[in-house]
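Residue-level structure breakdown
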Amino acid sequence: MIPSDDPVRLLSAFVEGMDLSELYRTYDRIRKNQASPRQMLKIMVYAAMNGIFSSRDIETACRRDINFMFLLEGMPVPDHATIARFVSLHLSACSKDILAEVTAGLLAMGEISGKTVFIDGTKIEANANKYTFVWKKAVTKSQARLCEKIISLVAECEAMYGIRVVFRDQVSLRTLKRLRKKLYAIKKAEGITFVHGIGKRKTPLQKSIELLEEYIGKLKEYTQKLHICGDRNSYSKTDHDATFMRLKEDAMRNGQLKPAYNLQHAVDAQYITWLDVSPRPTDITTLVPFLKDMEKHLPFKYIEICADAGYESEEAYVFLDKNGQLSFIKPQNYEISKTRKYRQDISRQENMTYLETEDVYVCSQGKRLFPVGERRSKNRNGFVSTVTIYECEDCSSCPCKKKCIRGNNCKTPMESRNKRLNISKVMKEKRQETLERITTEYGTKLRINRSIQVEGSFAVIKEDMGFRQYLYRGKKNVLAQSVLAAIAHNINKLHFKIQGGRTGQFLTDLKTA
């Protein structure tokens with residue numbers, strides 16, 4: 001009853017050729033009268049191929065759909081709890097190994113090049129409540145106010161009860177616990193009984209102890225929130241790994257932040273060869289960890305890395321150069337540099353003359369900017385970049401001073417200011433090399449293919465499959481569900497290429513006028 005060219009047969013044959021030893025290791029024992037891990041993987045991928053992600057809907061499809069029955073091979077239909085546990089307990093423990101096995105299979109078939117990869121990211125909403133946000137800045141401010149109250153309370157207790165707990169003018173959680181222990185010792189020695197309820201007067205000792213207990217609880221709460229937040233700016237109370245981001249799907253049209261994950265895709269020949277989930281809303285610091293993770297799991301290394309302007313950074317350029325990879329990353333100023341306003345802006349260092357032998361810049365009025373110092377900065381990944389500061393010798397009589405010097409919020413008055421430039425020489429050199437590389441005919445072909453392939457993978461998953469929100473919580477479970485969607489996309493793409501006779505094609509050719 002199932003046609004010979006049905007994609008369910010291709011899926012079954014592909015999964016049968018995969019090494020699923022890592023998936024089988026997640027099981028203590030496998031019963032004979034239930035679906036095997038291989039069969040469970042088949043029905044989960046086939047469900048994603050048809051836009052079914054709910055465990056209850058998958059259970060219903062296994063009872064009614066003949067294609068799901070074909071994949072189960074006569075085994076009893078797993079219930080929705082078994083399906084959900086398969087994702088959260090088993091697939092989440094080895095999801096990256098499964099995806100690496102799929103990519104290795106595509107490479108062995110000659111379907112991916114293994115040379116050029118296109119990288120981009122998109123944000124997908126997490127399975128968390130919208131108004132369960134915890135902001136790091138707000139917690140930090142509350143913690144600072146609490147510390148002031150704690151210091152005041154400790155000083156008051158020391159003076160009132162004649163005790164001393166502060167050592168070297170430092171108050172910590174251990175100090176508060178020591179103070180609480182001494183206050184309870186005073187309560188026991190004096191035989192004081194705590195009272196509660198209306199019409200009963202509390203003693204000063206009871207008030208001090210209750211206030212101290214409240215402050216200790218609040219301090220622990222703030223410390224735990226900051227620990228969960230880490231280097232992020234926010235997180236959700238119902239999914240600690242989710243970060244509040246601004247999504248394109250804005251129903252209220254008010255720029256509301258929602259809990260989400262930043263899904264990163266690496267696409268080769270229209271197949272998703274690697275992916276990762278990042279809690280950071282921007283892409284600029286995700287490229288290097290993503291490439292390291294991909295190189296760690298895949299049996300080969302990509303030579304050409306193509307990404308959009310959101311990934312450009314000095315860290316990325318330096319890493320690719322040391323790793324023996326070519327960068328085809330569009331500079332952040334690539335599009336705006338084509339405009340007339342940008343080319344006529346005399347304040348930009350791109351429009352100044354650089355004398356390499358003297359290491360000075362010459363502005364439009366013929367004045368020279370000399371290097372006066374260096375500044376080092378470190379990003380979230382720990383990469384240190386060096387910026388050289390250039391300053392003009394004298395801008396007092398320059399007629400173009402207001403056009404050249406920007407920044408109206410500077411404390412120094414405009415009359416006393418000179419033109420300054422902050423330039424990273426490494427970044428400038430690498431950007432120029434990449435610009436020359438992407439403007440060639442081959443570089444233009446890669447940039448066009450990036451917009452077709454990696455943007456196309458997000459369009460298929462979010463629009464065709466209807467995958468716009470995760471159903472599981474936690475980064476591991478979210479990653480497992482993303483891998484299922486990626487494998488489903490790859491099998492569908494392989495099926496369409498076989499039917500259209502387009503197998504073995506890696507890049508889309510440019511249309512010439």
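Preceding block: the structure.
Residues numbered from 1 in each chain as written. Predicted model: local features only at pLDDT ≥ 70, side-chain atom pairs only at ≥ 80, totals over all residues. Heavy atoms only, no water.

What follows concerns the pattern of salt bridges. Between side chains of opposite charge, a pair can form as their charged atoms come close. Applying the stated criterion across every chain yields a total of 24 salt bridges. Here Lys96 ties to Asp276 by a salt bridge, and the two come within 3.7 Å at their closest N and O atoms. Linking Lys96 in helix α7 (residues 95-109) with Asp276 in strand β6 (residues 271-278), this pair joins segments that are 180 residues apart in sequence. Each member of the pair Lys96 and Asp276 is classed as buried. (Salt bridge = Lys/Arg side-chain N within 4 Å of Asp/Glu carboxyl O. Helix = DSSP H or I, 4+ residues; strand = E, 2+ residues; numbered from the N terminus. Buried < 20%, exposed > 50% of the residue type's maximum accessible area, 1.4 Å probe, protein only.)

Scanning all chains against the criterion turns up eleven aromatic pairs. Here the aromatic rings of Tyr46 and Phe68 are separated by 5.2 Å at their centres, their planes lie at 70°, and the arrangement is edge-to-face. With Tyr46 in helix α3 (residues 37-49) and Phe68 in helix α5 (residues 66-72), the pair connects residues that are 22 residues apart, well separated along the chain. Exposure class is identical for Tyr46 and Phe68. Each is buried. Ring centres of Phe133 and Trp135 lie 5.5 Å apart, and the angle between their planes is 35°; this geometry places the pair in the tilted category. Overall, the relative accessible area of 35% leaves Phe133 in the partly exposed class. Taken together, Phe53, Tyr261, Phe467 and Tyr470 form an aromatic cluster joined through their ring pairs. Positioned over the ring face of Phe194 is Lys187, at 4.9 Å from the centre of the ring. (Phe/Tyr/Trp six-rings, centres within 6.5 Å; stacked < 30°, edge-to-face > 60°. Lys NZ or Arg CZ within 6 Å of the ring centre and 35° of its normal.)

Quick look at the nonpolar core now. Counting residues in each nonpolar core, the largest one holds 92 residues, and the members touching the most others are Leu41, Phe86, Ile98 and Ile119. When residues in this core are grouped by element, the largest group, eleven residues, is from helix α17 (residues 475-500). With near-sequence residues (within four places) excluded, Phe86 lies in contact with Leu23, Tyr27, Pro37, Met40, Leu41, Met44 and Leu91. Membership of the second largest hydrophobic core comes to 25 residues, among which are Val134, Ile150, Leu176 and Leu183. (Core = buried A, V, L, I, M, F, W, Y, C linked by side-chain atoms within 4.5 Å. Contact = heavy atoms within 4.5 Å.)

Let us now look at the packing of α3 against α17. Closest axis-to-axis distance for the α3/α17 pair is 8 Å, and the angle between their directions is 75°. It follows that α3 is roughly perpendicular to α17 by the angle criterion. Facing Leu41, Met44, Val45, Ala48 and Met49 of α3, the residues of α17 in contact are Leu484, Ala485, Ile487, Ala488, Ile491 and Asn492. Class assignment for the residues of the contact of α3 with α17 results in ten nonpolar, one polar and no charged. (Axes fitted to C-alpha atoms, helices over the stretch in contact; angles between N-to-C directions. Parallel < 35°, antiparallel > 145°, perpendicular 65-115°, else oblique. Nonpolar A, V, L, I, M, F, W, Y, C, P; charged D, E, K, R; others polar.)

Quick look at the sheet that holds strand β13 (residues 420-423) now. An order of β9-β10-β11-β12-β13 is seen for the five strands of this open sheet, with the pairing classed as antiparallel. Of all the strands in the sheet, the pair left with one neighbour each is β9 (353-355) and β13. Between one strand axis and the next, the sheet turns through 35° on average, direction left out of account. As defined by bridge partners, strand β11 (residues 368-378) adjoins strand β12 (residues 384-392) across nine bridges and the pair is classed as antiparallel. When the sheet's bridge partners are listed, Leu369 is paired in β12 with Cys392. (Pairing = 2+ DSSP bridges.)

Where burial is concerned, the two faces of β13 differ: the one with Leu421 and Ile423 is buried and the one with Arg420 and Asn422 is not. Where β12 meets β13, four bridges bridge the pair, whose relative direction is antiparallel. By the bridge assignment, Thr388 is partnered in β13 with Ile423.

Turning our eyes to something else, we now look at helix α4 (residues 55-64). Turning to α4, its buried residues are Ser55, Ile58, Glu59, Ala61 and Cys62. Each buried residue of α4 sits inside an arc of 160° when the element is viewed along its axis, so together they form one side. Of the exposed residues in α4, those oriented more than 90 degrees away from the buried face are Arg56 and Arg64. Among the structural elements, α3, α5 and α6 (80-90) are those in contact with the buried residues of α4. (Arc of directions from axis to C-beta.)

Another aspect to go through is a nonpolar patch on the surface. A surface patch of nonpolar side chains, about 360 Å² in accessible area, is lined by Met1, Ile66 and Met69. In this fold, Met1 is placed in the segment before α1 (7-16). (Patch = residues over 30% accessible without salt bridge, like charges linked within 9 Å, V, L, I, M, F, W, Y side chains within 5 Å. Areas by Shrake-Rupley, 256 points an atom, 1.4 Å probe, with all protein chains shown as cover.)

When you line up the elements, Ala269 lands in the loop between β5 (257-268) and β6. Sequence spacing of Ala269 and His227 is 42 residues, and the spatial spacing of their C-alpha atoms is 41 Å. Not counting chain neighbours up to four residues away, the residues in contact with Ala269 comprise Glu111, Ile112, Gln453, Lys497, Gln505 and Phe506.

Further remarks concern α1. Counting buried positions along α1 yields seven of ten residues, so the element is predominantly enclosed. Taken as a whole, α1 has its buried residues at Pro7, Val8, Leu10, Leu11, Ser12, Phe14 and Val15. On its buried face, α1 sits against α3, α5, α7 and α17. Sitting at the head of α1, Asp6 places a side-chain oxygen 3.0 Å from the backbone nitrogen of Val8. (Polar contact = N/O pair within 3.5 Å; in protein donor to acceptor, adjacent residues only side chain to side chain.)

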